[in-house]
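Descriptive structure summary
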Protein chains: 2
Amino acid sequence: MEKTAAKPGDYVEVHLTKLIYEGILLESPENEKGTVLLKLDSGYNIGFNKKDILKIVLMKKAREKEKGEFEVKKNPEKKNVAMIITGGTIASVLDTKTGGVHPLQKPEDFFRFYPELFEKVNVAKIEIPFMKSSEDMDFKDWQKIAKTTVELLNDNNIQGVIITHGTDTLHYTSSALSFFIKDLNKPVILTYSQRSIDRASSDANLNLQCSALAAISDIAEVSLVGHGTSNDDFCYSMPGTKVRKLHTSRRDAFKVVNDKPFAKIFPDKIERISEWKIRNKNKAKLDAKFEEKVALVKIYPGQNPDILDYYSKKGYKGIVLELTGLGHAPTKKSRNSWTLKLKEIQKKGIVVCATSQCIFGKVDPLVYSNGREILATGVIYLEDMLSETAFVKLGWVLGHEEWKKNKKIVKEKMLENIAGEFNKRLEE
Amino acid sequence: MEKTAAKPGDYVEVHLTKLIYEGILLESPENEKGTVLLKLDSGYNIGFNKKDILKIVLMKKAREKEKGEFEVKKNPEKKNVAMIITGGTIASVLDTKTGGVHPLQKPEDFFRFYPELFEKVNVAKIEIPFMKSSEDMDFKDWQKIAKTTVELLNDNNIQGVIITHGTDTLHYTSSALSFFIKDLNKPVILTYSQRSIDRASSDANLNLQCSALAAISDIAEVSLVGHGTSNDDFCYSMPGTKVRKLHTSRRDAFKVVNDKPFAKIFPDKIERISEWKIRNKNKAKLDAKFEEKVALVKIYPGQNPDILDYYSKKGYKGIVLELTGLGHAPTKKSRNSWTLKLKEIQKKGIVVCATSQCIFGKVDPLVYSNGREILATGVIYLEDMLSETAFVKLGWVLGHEEWKKNKKIVKEKMLENIAGEFNKRLEE
């Protein structure tokens, strides 16, 4: 292998004896001294034996670290939006030591990477309630974000709120904000990136540009704005309760399930797809109560219903069962019937709701005897609601002491279309 | 409401004061005497108040019950296939009392409804190991089906095997057969219907016709044959380990995930899409060992890792965790860290594997520190394997005492591409 001037962080070409690869050079782990590591544009790391490498050509130097504060300049002709930064890839940079990513530490770091955001709007306020990966968040984090969001929504100087967030549990958070914020008056936009910003293939710029436009639009909904396809061409504005991460790595990881996006969003225009609630003079209110003792349980063939005893013993108040097909679990005809146990735990006061692990379509307990048997135990079937949304909604409903004490009210609330979680026009 | 000659089971038109609905008239439940129930072609039941009804017009009489045995006539010019009937909608008829369906009781009932199946092939053997809804099946049922299948595959008189099955857990069974049958020599086709056969919109005929053609083809794979679109135009032959039910009610409920179908199948021709193992002279072997103490657990935000103690106490040997995103769980930075508990239970000998609840794409623990932390506890990351396939494979691998006693061998087996469960060519 020939000598090279390239250093970790540089963008290089690796010439193999057989092939040429392009990507970001990484530092070699100390236990792999004979190896050259490269982060490909596809996002995957590739390792080469040094002896297989002819030469490494430097294509583009890594960005030098800049010193000093980044100054957010305000332009009085542009509308004001607020940002809430919570962590995730969109607030991370490549770690050239590991090939992984690590979080940006300061807001000015963040803004240095996203100049496009400032072309359309003034980012008049920035809040950082915490910085964490979304998989480390729970309902307490949703409550913090909701509280900050409501404050910003009631600031007359702010047109809309953009929340940047990790992708793993972003759809749980978008559901939570949909229920936690009442009398919504302005756009609440959640956005993300699947590639850190210092990567050639980063999806952050388009997502942020479209989010900026959505934030000053009249779409007064909690919506997730992100890539509509795996190309960098447009985003969708997707209803917070009807969206789900459906791919581990693609830019268009999020898809609307059992419904339509609100709109197609380009950096410079918005094309309506369906109805939305428009911007209004309401005062947004926080209603972020949450019952922590709520579980989501996916059923599998032959599963022992004793798992329900665990939840009962641990004092759980509600369970969302992600059932098979139209909403089925093993019944009296199987070796491990769930019927009796479901009756038992509901008698003890645990609320049980049903969704489908098919994801698409709606549950219907009336088609098969199995479903009717489960329904007869008292399980609440949640039509076309997503399991993740159902989990969040059940925690929120049971968080209200005045509803919780009456099973009938809990059922009514679970079946009431509070934040677009049911699509009443869904066919087949 | 005017008087009508229509009886339950008749196909009728209901004229409302406002609108006309078409569907199958159902018997009214005894507690709803003022109600007329109709099963719409869409599959949903609709109830009307009698006072709202002008008249009911009889469109088509219900099929009269036929007497006597149905005789399967053999044609020496056609190839022989065998059928295994296990229950499910494809072996059910509408129950006009409830609007649900109930299972056909005898094979002759079954064949009376499916004459198209006999146009292309002789159904030379019929086996009915049991009749149940697929949601009531477990690994013991998979073992029974596999045993019967292997016997039929080694019958020189049989060209291929068609298994009819409920849809709820069909993809678990197709995975199980993929692992349970070694040295596969002929086509093993699993098929289904989403609408019972006496419904105008039934999808059973096309699925069975395409299955017949697939069963005499050279596709010596365990494959699921079913509608490619919601139209009645063609089917796909889908790899048994890479397929999943992704819609509760559509005919094209099953989709290949992270891979391609083997072929597009029309009633009269097969169009190749990808590679398959061809028909051969092997003797098929049964390898259907299964460890019952295996669980599938879907992670949700803030989930308490104590659930792992339950599985440990109950003597579980293996757990598939359906993690978020690229394969993450709450870590040390969250209020409910899974890291320590994962270490603990693995030290006790429980094998833990990871898949993604995104469904599409593959897990990659090396991108984020969260994944690296989970990986370091010993969790086996299963790339692009489906959670359902992973659950079945882990039970199968741990069913082998000679592998189970050595964690290294278990890991090797879990990561070995035994039945197409990994797509090594998967990009992004």
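Residues numbered from 1 in each chain as written. Chains lettered and ligands numbered in written order. Predicted model: local features only at pLDDT ≥ 70, side-chain atom pairs only at ≥ 80, totals over all residues.

1. Here we look at the overall build of chain A
The condition that has to hold: For the purposes of this entry, the term helix denotes a DSSP run of H or I that reaches at least four residues, the term strand denotes a run of E that reaches at least two, and both are numbered from the N terminus. We call a residue exposed when 12 or fewer other C-beta atoms sit within 10 Å of its C-beta, buried when the count reaches 20 or more, and partly exposed for counts in between; the C-beta positions come from the backbone.
Within chain A, the regular secondary structure consists of 10 helices and 23 strands. Per-residue burial for chain A yields a buried fraction of 53% across its 428 residues.

2. Brief notes about the packing of helix 2 (residues 139-153) of chain B against helix 3 (residues 170-180) of chain B
Residues and elements named next belong to chain B. Just so we agree on the cut-off: Axis angles are defined between N-to-C directions and span 0 to 180 degrees, where every axis is a line fitted to C-alpha atoms and, for a helix, only to the segment in contact. Working rule for angles: under 35 degrees goes down as roughly parallel, over 145 as roughly antiparallel, 65 to 115 as roughly perpendicular, anything else as oblique. For any pair of crossing helices, the crossing counts as left-handed if the nearer helix is rotated counterclockwise from the farther one by less than a right angle, and right-handed if it is rotated clockwise. The contact rule is simple: place each C-beta atom from the backbone, and if two of them lie within 7 Å, those residues are in contact.
Two elements in contact, helix 2 and helix 3, have axes separated by 10 Å at closest approach and are oriented at 55°. Comparing the axis directions of helix 2 and helix 3 gives the class oblique. The hand of the helix 2/helix 3 crossing is right-handed. Across from Phe139, Trp142, Ile145, Ala146 and Thr149 in helix 2, the residues of helix 3 making contact are Thr173, Ala176, Leu177 and Phe180.

3. Thoughts on the domain arrangement of chain A
Residues and elements named next belong to chain A. As a reminder of what qualifies: Each domain's extent is set by a domain assignment, obtained either automatically or from a database. We call Asp, Glu, Lys and Arg charged. Ala, Val, Leu, Ile, Met, Phe, Trp, Tyr, Cys and Pro are nonpolar, and the rest, Gly among them, are polar.
Assigned domains of chain A: these are domain 1 (11-60), domain 2 (79-286) and domain 3 (294-415). Distance from the C-alpha centre of domain 2 to the C-alpha centre of domain 3: 31 Å. Taken residue by residue, the interface counts 11 residues in domain 2 and 10 residues in domain 3. Element by element, the count of residues in the side of domain 2 that touches domain 3 is highest for helix 3 (residues 170-180), at 5 residues. Class assignment for the residues of the side of domain 2 that touches domain 3 results in 5 nonpolar, 4 polar and 2 charged.

4. Quick word on the interface of chain B and chain A
In this assembly, 57 residues from chain B lie in contact with 57 residues from chain A. Of all the secondary-structure elements, those providing two or more residues to the side of chain B that touches chain A are strand 20 (294-298), helix 5 (307-313) and helix 7 (369-376) of chain B. Looking at the side of chain B that touches chain A residue by residue, the classes come out as 21 nonpolar, 21 polar and 15 charged.

5. Let's talk about the pairing of strand 10 (residues 160-164) of chain B
Along any regular strand the residues' side chains alternate between the sheet's two faces. All names here are of chain B. Inclusion rule: Following DSSP output, two strands are said to pair if at least two bridges run between them.
Among the 5 residues in strand 10, 5 count as buried, and that is most of the element. The two faces of strand 10 match: Gly160, Ile162 and Thr164 on one face and Val161 and Ile163 on the other face are all buried. Bridge analysis of strand 6 (residues 79-85) against strand 10 gives 5 bridges, and the strand direction is parallel. Within strand 10, the position partnered with Ile84 by the bridge is Ile163. Across 4 bridges, the pairing between strand 10 and strand 12 (residues 188-191) is parallel. Note that in strand 12 the partner of Thr164 across the bridge is Thr191.

6. Overview of the relation of the copies chain B and chain A
Put simply, the rule is: The atoms used to superpose the copies are C-alpha atoms, taken from residues with pLDDT of at least 70 in both, and the fit is least squares.
Each copy of the sequence occupies a distinct position, and chain B is placed on chain A by a rotation of 180° and an axial shift of 0.1 Å, giving an RMSD of 0.2 Å. Taken together, the rotation and translation relating the two chain copies correspond to the operation of a two-fold axis. Across chain B, the smallest distance between a C-alpha and the rotation axis is recorded for B:Lys298, namely 3.0 Å. A share of 100% of interface residues in chain B that are also interface residues in chain A marks the association as one of identical surfaces.

7. Examining the environment of B:Leu366
On the secondary structure map, B:Leu366 appears in the loop between strand 22 (351-356) and helix 7. Residues B:Leu366 and B:Leu326, spaced 40 residues apart in sequence, show a C-alpha to C-alpha distance of 9.0 Å.

8. Notes on the sheet that holds strand 23 (residues 380-381) of chain A
Residue and element names in this part refer to chain A. Pairing is parallel in the open sheet, where 4 strands are placed in the order 20-21-22-23. Only two strands of the sheet have a single neighbouring strand rather than two, namely strand 20 (294-298) and strand 23. One ladder, built from 5 bridges, connects strand 20 with strand 21 (residues 318-323); its direction is parallel. Counterpart to Lys298 in the pairing with strand 21 is Glu322.

9. Quick word on the environment of A:Leu213
Residues and elements named next belong to chain A. Along the chain, Leu213 turns up in helix 4 (residues 204-215). With 96 residues separating them along the chain, Leu213 and Leu117 place their C-alpha atoms 9.5 Å apart. Those residues within four positions of Leu213 in sequence are excluded, and the remaining contacts are Lys120, Ile265, Pro267 and Ile270.

10. What to know about the sheet that holds strand 20 of chain B
Backbone-to-backbone hydrogen bonds pair the strands of a sheet. The strands run either parallel or antiparallel. Taking strand neighbours across the sheet as the criterion, the 4 strands line up as 20-21-22-23 (chain B) in an open arrangement whose pairing is parallel. The open sheet has two edge strands, strand 20 and strand 23 (380-381) of chain B, and neither has a second partner.

11. Here's the deal with helix 4 (residues 204-215) of chain B
Residues and elements named next belong to chain B. Which entries qualify depends on this criterion: Multiply 1.5 Å by the residue count of a helix minus one, and that product is the helix's expected span.
Here helix 4 is 12 residues long and its end C-alpha atoms lie 16 Å apart, about the 16 Å a rise of 1.5 Å per residue gives. Counting buried positions along helix 4 yields 11 of 12 residues, so the element is predominantly enclosed. Buried within helix 4 we find Ala204, Leu206, Asn207, Leu208, Gln209, Cys210, Ser211, Ala212, Leu213, Ala214 and Ala215.

12. Thoughts on helix 2 of chain B
Helix length check: helix 2 of chain B (15 residues) gives 20 Å between terminal C-alpha atoms against 21 Å at 1.5 Å per residue, within 8%. Turning to helix 2 of chain B, its buried residues number three or more, namely B:Phe139, B:Asp141, B:Trp142, B:Ile145, B:Ala146, B:Thr148, B:Thr149, B:Val150, B:Leu152 and B:Leu153.

13. Considerations on the nonpolar core
To be explicit about the condition: Throughout this description, the term nonpolar core refers to a group of buried Ala, Val, Leu, Ile, Met, Phe, Trp, Tyr and Cys residues whose C-beta atoms join them within 7 Å.
Among the nonpolar cores identified, the biggest contains 246 residues, and A:Val161, A:Cys353, A:Leu394, B:Val161, B:Cys353 and B:Leu394 are the most heavily contacted of them. Not counting chain neighbours up to four residues away, the residues in contact with A:Val161 comprise A:Val81, A:Ala82, A:Ile84, A:Thr149, A:Leu152, A:Leu153, A:Val188, A:Ile189 and A:Ala215.

14. Observations regarding unusual backbone geometry
Even without being a glycine, A:Asp183 presents a positive backbone phi close to 55°. As for its placement among the helices and strands, A:Asp183 is situated in the loop between strand 11 (181-182) and strand 12 (188-191). What makes A:Asp183 partly exposed here is the crowd of 14 C-beta atoms within 10 Å. For B:Ile359, which is not glycine, the phi dihedral falls at a positive 75°. What makes B:Ile359 buried here is the crowd of 22 C-beta atoms within 10 Å.

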